[in-house]
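So you can see what is in the structure, the chains are spelled out below.
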Amino acid sequence: MTVLFGGPVFLPADSSAGRNQSHGSSSLDFEALAMKHVEKGFKAGYAPHVDLDDHAQVKEARVAFERAGVTIAEVQCWNNLLDPVPAVRSANLEATVRAIALADELGAVCALNTAGSFAAESLNHHDPRNFGIEAFDAAVETARYLIDEAKPKRTKFAFEALAMHVTDGPETMERLVEAVDRPAFAVHIDLVNWVSSPRKYWFNGEFIREIVARLGPHIVAAHAKDIAMEDNCDTVRLEEVAPGHGQIEYPAYLGALANLPQPVTLLMEHLATEAEYDAAAEYIRSEARVANVPL
């Protein structure tokens, strides 16, 4: 089908696309923002930071991206949906419901959050309970609740693929899709986040084909980055790096996504500067030509 490629864009006086900021832009000049995507040759992008309650603003953003032919890929909401403090967890659930509603109003492909961690410190802290039946059941209940509350008509909701959460691999994600049993529950792929062993590292081309075989019809969006494994050490040490500086087999990754029956967005993330994104985009496009995948 189609891979809609893109990533963060930078406008003057807007630093919101960098590594330590949210992926989407905080600029309210939606025409300029949409056209910057076109200038970069992007077919998809992150949702701009808009207020769900400002209906005129939301409509202006949606129309600007539609007019430019740029698909809004995802609205992100990063909080801990398993926070051990009930009041905090309740607030996080409400924020995610609003993110799904915003994605629906913007016509975005999906809204995205993590399944969460039982660790009290943050959603990125590890906890062995994250891999048990309690976490799985909580993820199912959470996804159903969010979708049933938001009632999206156009957008999907997805959990971020993360090795430290219950969403740690395609097998569990497949079980989640079946258990949640909601048409609005979809799959977001981040291949790097699932490369958690030397075997997956060296044979990630085979791994992405396994992922697609299990989850293909449910995949609506993906992230593009790379991963490197430290050599000459007795333990596994993996580090996220820019596309082209690691081991990800991009022709296999792009080919697997392109062979899906539905269009999929593929967005770069976690780079600090526009120049770094430009270099990453050039590399991914060169690999797409190898795979004969139009971006």
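As shown above, the structure is provided for reference.
Residues numbered from 1 in each chain as written. Predicted model: local features only at pLDDT ≥ 70, side-chain atom pairs only at ≥ 80, totals over all residues. Heavy atoms only, no water.

Notes on the overall build of the protein
- Assigned secondary structure in the protein consists of 10 helices and 10 strands.
- In summary, the protein has a C-alpha radius of gyration of 18 Å against a globular reference of 19 Å for 295 residues, a match within 12%.
- The principal-axis extents of the C-alpha atoms in the protein amount to approximately 50 × 45 × 35 Å.
- Within the span of the protein, comprising 295 residues, buried residues form 55% of the whole.
- For the protein, long-range pairs separated by at least 24 residues make up 73% of all intrachain contacts whose partners lie at least 6 apart in sequence.
- Carbon and sulfur atoms make up 51% of the accessible area of the protein, which totals about 13,000 Å². (Helix = DSSP H or I, 4+ residues; strand = E, 2+ residues; numbered from the N terminus. Rg over C-alpha atoms; globule rule 2.2 N^0.38 Å. Buried < 20%, exposed > 50% of the residue type's maximum accessible area, 1.4 Å probe, protein only. Contact = heavy atoms within 4.5 Å. Areas by Shrake-Rupley, 256 points an atom, 1.4 Å probe, with all protein chains shown as cover.)

Examining the pattern of salt bridges
- Using the criterion set out here, one finds 16 salt bridges in the structure.
- For E39, the salt bridge identified is with K36, shortest N-O distance 3.3 Å. Note that E39 and K36 are positioned in helix α1 (residues 30-39) at a spacing of 3 residues, about one turn of the helix.
- A residue is classified by how much of its surface remains accessible, and K36, at 15% relative accessible area, is buried.
- Taking the shortest distance from any N to any O, the salt bridge between R214 and E174 comes out at 2.6 Å. Of the two residues, R214 is situated in helix α8 (residues 204-215) and E174 in helix α5 (residues 170-180); the sequence distance between them amounts to 40 residues.
- Three or more residues joined by partner-sharing salt bridges are found here, namely K36, E39, K40, E274 and D278. (Salt bridge = Lys/Arg side-chain N within 4 Å of Asp/Glu carboxyl O.)

Here we look at helix α9 (residues 250-258)
- Buried residues dominate α9, accounting for 8 of its 9 residues.
- Residues Y250, A252, Y253, L254, G255, A256, L257 and A258 constitute the buried set of α9.

Considerations on the packing of helix α2 (residues 55-68) against helix α3 (residues 86-106)
- Orientation of α2 relative to α3, taken along the N-to-C sense of each, is 50°, at an axis distance of 9 Å. Considering their axes alone, α2 and α3 lie oblique with respect to each other. Facing V58, A61 and R62 of α2, the residues of α3 in contact are L102, E105 and L106.
- Each residue belonging to the contact of α2 with α3 can be placed in one class, and the counts come to 4 nonpolar, no polar and 2 charged. (Axes fitted to C-alpha atoms, helices over the stretch in contact; angles between N-to-C directions. Parallel < 35°, antiparallel > 145°, perpendicular 65-115°, else oblique. Nonpolar A, V, L, I, M, F, W, Y, C, P; charged D, E, K, R; others polar.)

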